[in-house]
Amino acid sequence: MSTVVKALDVLFCVARAEGDTGVTELCRLTGLDKATVHRSLKALQGHALIEQCPDTRRYRLGLGTIQLAGSKLRGMSVATVAQPYLTRLSQATGETVQLSVRQGHHVLYVAVVESAQPIRVASDVGSLGPLHATAAGKVFLAFSTDGTRELASHLPLPRLTPSTLCDLDTLAAQLAEIRQRGWSVDHEELVPHLRVVAAPIVDRQGQVTAAVAVGGPTQRVPTDRVAALATAVTATAREISAALAFAREQVAPAR
């Protein structure tokens, strides 16, 4: 067994332990002798992967492990980081969940978890939706500094269904409501008989970087279900925001 493998065995034993771990216990768990365990611990300490409690002389993971995890997570895309949260939201609600980012005057769908229901929201990764007629798009507009002015520059807004909001004053009032309550709704504005609720994903500075949405056919998502979906989607958006903040956090090397 190589020296590297032995050190890794020690590292993973420390990681799996419920509390701080002593040398004798590490010898028992790894099958290594005390001299080998001591050498491994010293090497791991040199890279801040293991640290020793000065009072008990027992060992635990060091800050270097956080640095490694942070480096890995920073290289992950928003869709990758968000995926388990999107899946959980879809399973909890039974509806299709979408993750989108803004691309010009559109939303770009970067991840979709489809409902298991036979009738469901149809959207594909890479497809686009108009800002003014989608729940996610209205999130981006509501939390931008000049959302109303952007809409004005694209008048007349296309009417996609009888429910599409094309009047600028009406849209401006709705965007103000969205900013206040923290989520938006598409009431059959993009596709007839489809209702979607969305919430913003924010970075560490509070800027909206993406949006998560959940929705389905109006027969399964009546207006009296909107509040429950809003609670679920905003909670998921907060979880994804926190995960992304950690993933992008710059962790200083341990000294």
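Here's what I pulled together on the structure shown here.

What follows deals with the packing of helix 1 (residues 3-16) against helix 3 (residues 34-46). Contact geometry of helix 1 with helix 3 gives a least axis separation of 9 Å together with a crossing angle of 80°. When the axes of helix 1 and helix 3 are compared, the pair comes out roughly perpendicular. In this structure, helix 1 contributes K6, A7, V10 and L11 to the contact, and helix 3 contributes T36, S40, L41 and L44. Counted by class, the contact of helix 1 with helix 3 contains 5 nonpolar, 2 polar and 1 charged residues.

Our next topic: the nonpolar core. In this structure, L86, L99, V197, I201, V212 and V233 are the most contacted members of the largest nonpolar core, which totals 29 residues. Listing elements by their share of this core, those giving two or more residues are helix 5 (78-93), strand 3 (96-103), strand 4 (106-113), strand 7 (194-202), strand 8 (208-217) and helix 9 (226-248). Top element by residues in this core is helix 9. It accounts for 8 residues. Setting aside residues no more than four positions away along its own chain, V233 makes contact with L89, V197, A198, A199, V212, A213 and V214.

Moving on, we come to the side chain of D186. Relative to the elements of secondary structure, D186 occurs in strand 6 (residues 184-187). Once residues lying within four places of it in the same chain are set aside, the contact partners of D186 are A133, T134, A135, K138, L194, R195 and V196.

So, about helix 8 (residues 168-181). Because each turn of an α-helix spans 3.6 residues, side chains separated by three or four positions in sequence point in the same direction. The terminal C-alpha atoms of helix 8 lie 20 Å apart, and with 14 residues this matches the ideal 20 Å at 1.5 Å per residue to within 8%. Every buried residue of helix 8 is accounted for by L168, L171, Q174, L175 and I178. Relative to the axis of helix 8, the buried residues are bounded by an arc of 125° and lie together on one face. Exposed positions of helix 8 whose direction lies more than 90 degrees from the buried face are D169 and Q180. Those residues of helix 8 that are buried lie in contact with helix 6 (135-142), helix 7 (147-152) and strand 6. Its side-chain oxygen placed 3.3 Å from the backbone nitrogen of D169, D167 serves as the N-cap of helix 8. Where helix 8 ends, the next residue or the one after it, G182, has phi of about 90°, a positive value.

Excluding glycine, most residues fall at negative phi; most peptide bonds, likewise, are trans. Look at R57: it is not a glycine, yet its phi comes out positive at around 65°. Note that R57 resides in the loop between strand 1 (50-52) and strand 2 (59-61). Judged by its relative accessible area of 52%, R57 is exposed. Of note in this structure, H193 is not a glycine but carries a positive phi near 65°. Residue placement: H193 occurs in the loop between strand 6 and strand 7. Given the relative accessible area of 55%, H193 is considered exposed.

Moving on to the pairing of strand 6. Relative to strand 7, strand 6 runs antiparallel, the two sharing 4 bridges. Bridge assignment links V185 to a residue of strand 7, and that residue is V197.

We now examine the side chain of K138. Tracing the chain through its elements places K138 in helix 6. For K138, a relative accessible area of 0% translates into the label buried. Within the local environment of K138, its side chain forms a polar contact with the backbone oxygen of V185, the two atoms lying 2.7 Å apart. Those residues within four positions of K138 in sequence are excluded, and the remaining contacts are L131, H132, L171, Q174, L175, I178, S184, V185, D186 and E189.

With that settled, the discussion passes to the pattern of salt bridges. Summed over all chains, the structure comprises 8 salt bridges. Between R225 and E95 there is a salt bridge, with its nearest N and O atoms 2.9 Å apart. Remark: E95 occurs in the loop between helix 5 and strand 3 and R225 occurs in the loop between strand 8 and helix 9; sequence separation between them is 130 residues. Residue class for R225 comes out partly exposed when judged on its relative accessible area of 22%. Assessed through its relative accessible area of 1%, E95 is described here as buried. Notably, a salt bridge pairs E189 with K138, separated by 2.8 Å at the nearest N-O pair. Here E189, found in the loop between strand 6 and strand 7, pairs with K138, found in helix 6; they are 51 residues apart in sequence, far enough to count as distant.

Procedures and definitions
- Residues numbered from 1 in each chain as written.
- Predicted model: local features only at pLDDT ≥ 70, side-chain atom pairs only at ≥ 80, totals over all residues.
- Heavy atoms only, no water.
- Axes fitted to C-alpha atoms, helices over the stretch in contact; angles between N-to-C directions.
- Helix = DSSP H or I, 4+ residues; strand = E, 2+ residues; numbered from the N terminus.
- Parallel < 35°, antiparallel > 145°, perpendicular 65-115°, else oblique.
- Contact = heavy atoms within 4.5 Å.
- Nonpolar A, V, L, I, M, F, W, Y, C, P; charged D, E, K, R; others polar.
- Core = buried A, V, L, I, M, F, W, Y, C linked by side-chain atoms within 4.5 Å.
- Buried < 20%, exposed > 50% of the residue type's maximum accessible area, 1.4 Å probe, protein only.
- Expected span 1.5 Å × (residues − 1).
- Arc of directions from axis to C-beta.
- Polar contact = N/O pair within 3.5 Å; in protein donor to acceptor, adjacent residues only side chain to side chain.
- Pairing = 2+ DSSP bridges.
- Salt bridge = Lys/Arg side-chain N within 4 Å of Asp/Glu carboxyl O.

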